[in-house]
Amino acid sequence: MPHIVIKKCVFFLNKNQLNTELRIMGNSKIDFERKKWNEYYGLALEGKGQESEPSLWWQISDDDSVEIVKKYSDQSGNLNVLEAGCGSGGSSFYLGTIFRNIGITLCDISENALTYAKFIEPIELSGKVRYVRSSISSMPFPENTCDLTWNVGVVEHYNPNEILQMATEMMRVTKAGGNVIISIPNRNSIATLKAYFLGSGFGTKFFQWVPGYRFDSEILYRKSELYKILSTGLRRDVSVEFAGNLLWVSAPQLLVRLTNKWFRQSGFSFLTFFIIRK
């Protein structure tokens, strides 16, 4: 099974680099994100970077996330899945090993992300996956197409209006009775707080020697804030779930196992999931 790229949500730049590159480019935030993820997955295609570093910590996030999808999905019939902002597509590939009758569409703004996804596509999913390069704010799919439209670690890079536009587009392509699932890093988790600190001005200045992820273009949304954006903007009920370990990414495996046993899928887990039924 390929390692799932849920960790995409914690690939960060420092603030000075972000502001400088945005000024140089003179293009939209989407163009900026496309450039950065092309660089990220360009390294992955060379066998470098985070994609070649699987760990128990990431595996727990992967397993919990797929368990949430299973909880809200009908496993008895066909499942048409769209991962809108897919990265490597590993999350949906994992689903493909669980759901027998599945069709998967992977959509991303990064050409290199889609190329990497094709490279790691499991043999058993041959012919069941299609790849589309597009912004998720305006996707080239008909209405009522998908049983599940989801992403992990995407929308926190955008402001509330942009998030609502993306969520509305995800709802548009989802069938009645289907689900839209959106996940962001949980600001109460140690991993997220560490990334926030390392990406701060103080952390950037005095803790460059500390390994780990650094927040930058991400917005540190509270659960209540994103809940309100989605529930009010979409005028739908929203369910909330949690996934992943509560420790930092490189925590010792023994501690990861113990905390996963005692605090699994708690309010301090790495990811917060928002589930909207259409």
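Below you will find a few notes about this structure. (Residues numbered from 1 in each chain as written. Predicted model: local features only at pLDDT ≥ 70, side-chain atom pairs only at ≥ 80, totals over all residues. Heavy atoms only, no water.)

### Remarks on the overall build of the protein chain
Thought 1: Along the backbone of the protein chain there are ten helices and seven strands.
Thought 2: For a compact globule of 278 residues, the expected C-alpha radius of gyration is about 19 Å, and the protein chain comes in at 18 Å, within 12% of that figure.
Thought 3: Projecting the C-alpha coordinates of the protein chain onto the three principal axes gives extents of approximately 55 × 50 × 40 Å.
Thought 4: Buried residues in the protein chain amount to 55% of all 278 residues.
Thought 5: Long-range pairs, those at least 24 residues apart, make up 77% of the contacts in the protein chain between residues at least 6 apart in sequence.
Thought 6: A total accessible area of about 12600 Å² is found for the protein chain, and carbon and sulfur atoms account for 53% of it. (Helix = DSSP H or I, 4+ residues; strand = E, 2+ residues; numbered from the N terminus. Rg over C-alpha atoms; globule rule 2.2 N^0.38 Å. Buried < 20%, exposed > 50% of the residue type's maximum accessible area, 1.4 Å probe, protein only. Contact = heavy atoms within 4.5 Å. Areas by Shrake-Rupley, 256 points an atom, 1.4 Å probe, with all protein chains shown as cover.)

### Examining the packing of helix H2 (residues 29–45) against helix H5 (residues 111–120)
Thought 1: Contact pair H2 / H5: the axes reach a minimum separation of 7 Å and the direction vectors enclose 30°. Looking at the two axes, H2 sits roughly parallel to H5. Residues Arg-34, Asn-38, Tyr-41, Gly-42, Ala-44 and Leu-45 of H2 form the contact with H5, whose participating residues are Glu-111, Asn-112, Ala-113, Thr-115 and Tyr-116. (Axes fitted to C-alpha atoms, helices over the stretch in contact; angles between N-to-C directions. Parallel < 35°, antiparallel > 145°, perpendicular 65-115°, else oblique.)

### Re helix H6 (residues 160–172)
Side chains that are three or four residues apart share a direction in an α-helix, a result of its 3.6 residues per turn.
Thought 1: Helix length check: H6, at 13 residues, gives a terminal C-alpha distance of 18 Å against a target of 18 Å (1.5 Å per residue), a fit within 8%.
Thought 2: Every buried residue of H6 is listed here: Ile-163, Met-166, Ala-167, Glu-169, Met-170 and Met-171.
Thought 3: Where H6 is buried, its residues meet strand S1 (79–84), strand S4 (146–152), strand S5 (174–185), helix H9 (223–234) and strand S7 (271–277).
Thought 4: One side-chain oxygen of the residue at the start of H6 lies 3.1 Å from the amide nitrogen of Asn-161, identifying that residue as Asn-159. (Expected span 1.5 Å × (residues − 1). Polar contact = N/O pair within 3.5 Å; in protein donor to acceptor, adjacent residues only side chain to side chain.)

### Here's the deal with the environment of Pro-140
Thought 1: Take Pro-140: it is sitting in the loop between strand S3 (129–133) and S4.
Thought 2: Here the alpha-carbon distance between Pro-140 and Val-152, two residues twelve residues apart in the chain, equals 20 Å.
Thought 3: Here Pro-140 is in contact with Val-132 and Ser-134, once residues within four sequence places are set aside.

### Examining the environment of Met-170
Thought 1: In this fold, Met-170 is placed in helix H6.
Thought 2: Distance from Met-170 to Val-180, taken between C-alpha atoms, is 6.7 Å for residues ten residues apart in sequence.
Thought 3: In this view, Met-170 contacts Ala-84, Met-139, Thr-149, Trp-150, Asn-151, Val-180, Ile-181 and Ile-182; residues no more than four positions away in its chain are not counted.

### Looking at the packing of aromatic side chains
Thought 1: Throughout the structure, instances matching the rule amount to 14 aromatic pairs.
Thought 2: Seen in terms of ring centroids, Trp-37 and Tyr-41 are 6.3 Å apart; in terms of plane orientation they differ by 40°. Their pairing is tilted. Placement of the pair is Trp-37 and Tyr-41 together in helix H2, with a separation of four residues, close to one helical turn.
Thought 3: Taking the relative accessible area as the measure of exposure, Tyr-41 reaches 0% and is therefore buried.
Thought 4: Judged by centre distance (6.0 Å) and plane angle (80°), the rings of Trp-58 and Phe-270 are edge-to-face. With Trp-58 in helix H3 (residues 56–71) and Phe-270 in the loop between helix H10 (253–262) and S7, this pair connects stretches of sequence that are 212 residues apart. Taken as a pair, Trp-58 and Phe-270 share a single burial class, namely buried. (Phe/Tyr/Trp six-rings, centres within 6.5 Å; stacked < 30°, edge-to-face > 60°.)

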